[in-house]
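Residue strings, one per chain:
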Amino acid sequence: MKLPDNARFTTVCIHAGQEPDPSTGAIITPIFQTSTYVQEALGHHKGFEYARTQNPTRSALEGNLAAIEGGKAAFAFASGMSATGAIAARLSQGDHVVVTDNTYGGTFRLFDKVLTRYGIQFSFVDTSSLELVEQAMTPKTKLVFVETPTNPVLRLTDIAGVADIAHRHGARLAVDNTFASPCLQRPLALGADMVMHSTTKYLNGHSDSLGGCVVAAHDEDVEWLKFIQNSAGAVLSPFDSWLVLRGTKTLPLRMAQHTANGQALAEFLERHPKVTRAIYPGLPSHPQHALAKKQMPQGCGGMLAFEVENFEKARAVLNRFRLMALAESLGGVETLVCHPATMTHASVPAERRAKIGLSDSLIRISAGIEDIEDLKADLDQALA
Ligand SMILES: Cc1ncc(COP(=O)(O)O)c(C=O)c1O
């Protein structure tokens with residue numbers, strides 16, 4: 001079995017990073033549940049010494065993720081947050097970072113509450129405006145960290161435009177590609193230096209694993225990430241690596257269905273009389289619809305949001321869903337709904353939520369891959 005050099009994306013997702021197991025021929029990479037490896041003689045081993053440093057199941061996943069994001073190497077971590085932490089560990093005291101003002105709440109919390117204590121400064125900026133990004137850059141800016149589309153108000157950032165600004169100022173660009181997945185958006189091809197994911201979401205895709213990864217385009221970042229992964233030690237377990245490796249095999253199929261359902265639900269919501277605003281980059285009414293078509297040409301994925309008249313109405317709707325489950329997280333095969341202001345983004349102060357357009361009446365949907373008619377029926381009865 002040999003993956004051709006010019007293999008297409010779907011084929012790469014299924015095969016990259018994996019060979020049949022040399023000792024048995026097993027087509028699926030085994031879960032190497034071991035903490036250490038026996039060495040033949042002092043200084044002679046098979047490339048594996050200790051499970052934090054190397055694990056064959058994790059290596060297979062990392063090879064797979066590097067190929068599907070088009071990077072030099074990938075590193076798998078115990079959560080999306082530890083992946084973001086590994087990118088931030090590239091920084092030193094006194095450095096400045098420009099960050100999308102509307103990131104996942106936990107990203108904001110890590111930067112604002114933890115890393116500022118180490119003398120790193122953050123400017124939270126509406127990165128959908130290249131002008132504002134340019135204005136925020138200082139001689140101390142070492143990193144621009146962008147999330148696009150953002151969680152939960154689905155604002156987009158022009159990745160190629162920001163890459164250009166970051167590089168002109170001698171800074172790196174890292175992109176949180178969790179919402180789009182490499183199926184729909186390729187940040188490294190657009191000029192980003194590093195990409196991170198919460199693999200908990202679309203890459204694993206079945207709501208049964210917590211993890212994260214960083215994919216890097218340049219040798220110096222690869223070396224550093226390898227060092228940090230081993231030094232800080234928040235590695236993805238063999239079992240979780242195996243689950244994500246299984247997940248990426250069906251990523252293109254799942255993303256096609258998530259996208260079809262996301263688009264159909266957004267159109268349904270936009271027409272619904274009880275909905276005051278539907279937010280989805282694939283709707284012509286989205287302020288960055290033109291950028292979405294350019295940057296995410298295959299569609300905008302399964303994440304959408306909508307507003308009803310007020311918080312009380314939002315609560316009533318959320319409590320009436322039958323098929324859609326009220327839960328944090330996203331990107332699984334089943335549809336989830338959540339109330340970001342009190343759930344995923346509760347760690348973001350109220351005035352900041354207001355500034356980024358995250359109102360108390362906003363409901364987020366992670367469209368699963370169920371039959372669209374069942375999803376529409378559930379939404380309709382919840383809104384009735
Ligand atoms: C866009 C985004 N980035 C990062 C994270 C953090 O990932 P994890 O929960 O796997 O630590 C999340 C979690 O919801 C997310 O939605």
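Residues numbered from 1 in each chain as written. Predicted model: local features only at pLDDT ≥ 70, side-chain atom pairs only at ≥ 80, totals over all residues. Heavy atoms only, no water.

Peer 1: Help me get a handle on the layout of surface pockets, residues and values and all.
Peer 2: In this structure, the largest pocket encloses a volume near 370 Å³. Forming the walls of the largest pocket are 21 residues, and the residues nearest its centre are Met 81, Tyr 104, Asn 151, Ser 198 and Lys 201. Broken down by secondary-structure element, the contributors of at least two residues to the lining of the largest pocket are α3 (80–88) and β6 (194–198). A total of three residues in the lining of the largest pocket trace back to one element, the largest contributor, which is α3. (1 Å grid on protein atoms, 1.4 Å probe; cavity = no way out; pocket = protein on both sides within 12 Å on 5 of 7 lines; lining within 4 Å. Points joined across faces, edges and corners; volume = space filled by probe spheres on them. Helix = DSSP H or I, 4+ residues; strand = E, 2+ residues; numbered from the N terminus.)

Peer 1: Describe the pattern of salt bridges, listing the residues and the values that go with them.
Peer 2: Tallying each qualifying case throughout the model produces 17 salt bridges. Put simply, Lys 46 and Glu 40 hold a salt bridge, and the shortest N to O gap is 3.4 Å. Of the two residues examined, Lys 46 and Glu 40, each falls in the exposed class. Here Glu 62 and Arg 58 are joined by a salt bridge, their closest N and O atoms 3.4 Å apart. Of this pair, Glu 62 and Arg 58 both sit in helix α2 (residues 56–69), four residues apart, roughly one helical turn. One continuous salt-bridge network, built from bridges that share partners, spans Arg 90, Arg 172, Glu 220 and Asp 221. (Salt bridge = Lys/Arg side-chain N within 4 Å of Asp/Glu carboxyl O. Buried < 20%, exposed > 50% of the residue type's maximum accessible area, 1.4 Å probe, protein only.)

Peer 1: Summarise the packing of α2 against helix α9 (residues 238–249); cite the residues concerned and give the values.
Peer 2: Relative orientation and spacing of two packed helices are given, respectively, by the angle between their axes and the distance between those axes. Interhelical geometry of α2 versus α9 gives an angle of 35° and a closest axis separation of 8 Å. α2 and α9 meet at a crossing whose hand is left-handed. Here Thr 57, Arg 58, Ala 60, Leu 61, Asn 64, Leu 65 and Ile 68 of α2 lie close against α9, whose contacting residues are Pro 238, Ser 241, Trp 242, Val 244, Leu 245 and Thr 248. Looking at the contact of α2 with α9 residue by residue, the classes come out as eight nonpolar, four polar and one charged. (Axes fitted to C-alpha atoms, helices over the stretch in contact; angles between N-to-C directions. Left-handed = near helix turned anticlockwise from the far one by under 90°. Contact = heavy atoms within 4.5 Å. Nonpolar A, V, L, I, M, F, W, Y, C, P; charged D, E, K, R; others polar.)

Peer 1: Quick rundown of unusual backbone geometry? Include the residues and the values.
Peer 2: Backbone torsion omega between Thr 148 and Pro 149 reads -10°, so that peptide bond is classified as cis. In this structure, Pro 149 sits in the loop between β4 (141–147) and α6 (159–168). The peptide bond linking Asn 151 to Pro 152 adopts the cis configuration, its omega dihedral lying at 10°. Looking at the secondary structure, you find Pro 152 in the loop between β4 and α6. Phi is positive for Leu 154, which is not a glycine, with a value near 60°. Structurally, Leu 154 can be placed in the loop between β4 and α6. Its identity as a non-glycine residue notwithstanding, Ser 329 has a phi of 80°, on the positive side. Mapped onto the elements, Ser 329 comes out in the loop between β10 (325–326) and β11 (336–338). Taking relative accessible area as the criterion, Ser 329 reaches 27% and is therefore assigned partly exposed.

Peer 1: Lay out the site of the ligand in plain terms, naming residues and giving numbers.
Peer 2: Taken together, 14 residues surround the ligand, and among them Gly 80, Asp 176, Ser 198, Thr 200 and Lys 201 come closest. Between Asp 176 and the ligand, the recorded distance is 2.7 Å, taken from a side-chain N or O atom to a nitrogen atom. Between the ligand and Thr 200, the relevant distance is 2.8 Å, taken from an oxygen atom to a side-chain nitrogen or oxygen of the residue. When atoms are counted within 2 Å of each cavity's grid points, the one that captures over half of the ligand is the largest pocket. The class makeup of the residues in the shell around the ligand is four nonpolar, seven polar and three charged. (Near = heavy atom within 4 Å. Polar contact = N/O pair within 3.5 Å; in protein donor to acceptor, adjacent residues only side chain to side chain. Sits in = over half its atoms within 2 Å of the grid points.)

Peer 1: Report on the environment of Ala 66, specifying residues and quantitative values.
Peer 2: Along the chain, Ala 66 falls in helix α2. For Ala 66 and Val 215, which are 149 residues apart along the polypeptide, the C-alpha to C-alpha distance reads 5.9 Å. Residues contacting Ala 66, with those up to four places away along its chain left out, are Gly 71, Lys 72, Ala 73, Ala 74 and Val 215.

Peer 1: Describe the nonpolar core, listing the residues and the values that go with them.
Peer 2: Looking at soluble globular proteins, one finds that nonpolar side chains tend to be buried together. Counting 83 residues, the largest nonpolar core has Leu 173, Leu 269, Phe 306 and Leu 379 as the members making the most contacts within it. In terms of residue count, helix α10 (residues 251–271) provides more of this core than any other element does, seven residues in total. Beyond its immediate chain neighbours, meaning those up to four positions away, Leu 173 contacts Val 144, Val 146, Ile 159, Val 162, Ala 163, Ala 166, His 167, Ala 192, Asp 193 and Met 194. (Core = buried A, V, L, I, M, F, W, Y, C linked by side-chain atoms within 4.5 Å.)

Peer 1: Describe the sheet that holds strand β9 (residues 303–307), and please don't skip the residues or the numbers.
Peer 2: What the five strands build is an open sheet, ordered β8-β9-β12-β11-β10; its pairing is mixed. The open sheet has two edge strands, β8 (277–279) and β10, and neither has a second partner. Summarising the sheet, β8 and β9 pair through three bridges and their orientation is antiparallel. If you follow Arg 277 over to β9, its bridge partner there is Glu 307. Where α10 meets the sheet, its contacts fall on β8, β9 and β12 (362–366), and the angle it forms with β9 comes to roughly 10°. Across the sheet, helix α12 (residues 311–320) lies against β10, β11 and β12, angled at about 30° from β12, the strand it touches most. (Pairing = 2+ DSSP bridges.)

Peer 1: Could you give an account of the pairing of β9, naming the residues involved and the relevant values?
Peer 2: β9 sits mainly inside the fold: five of its five residues count as buried. Of the two faces of β9, the one lined by Met 303, Ala 305 and Glu 307 and the one lined by Leu 304 and Phe 306 are each fully buried.

Peer 1: Quick rundown of the environment of Leu 225? Include the residues and the values.
Peer 2: Here Leu 225 shows up in helix α8 (residues 219–232). For the pair Leu 225 and Ala 367, spaced 142 residues apart in the sequence, the C-alpha separation amounts to 33 Å. Not counting the four nearest positions on each side in its chain, Leu 225 is found in contact with Phe 75, Ala 86, Met 194, Val 214 and Ala 216.

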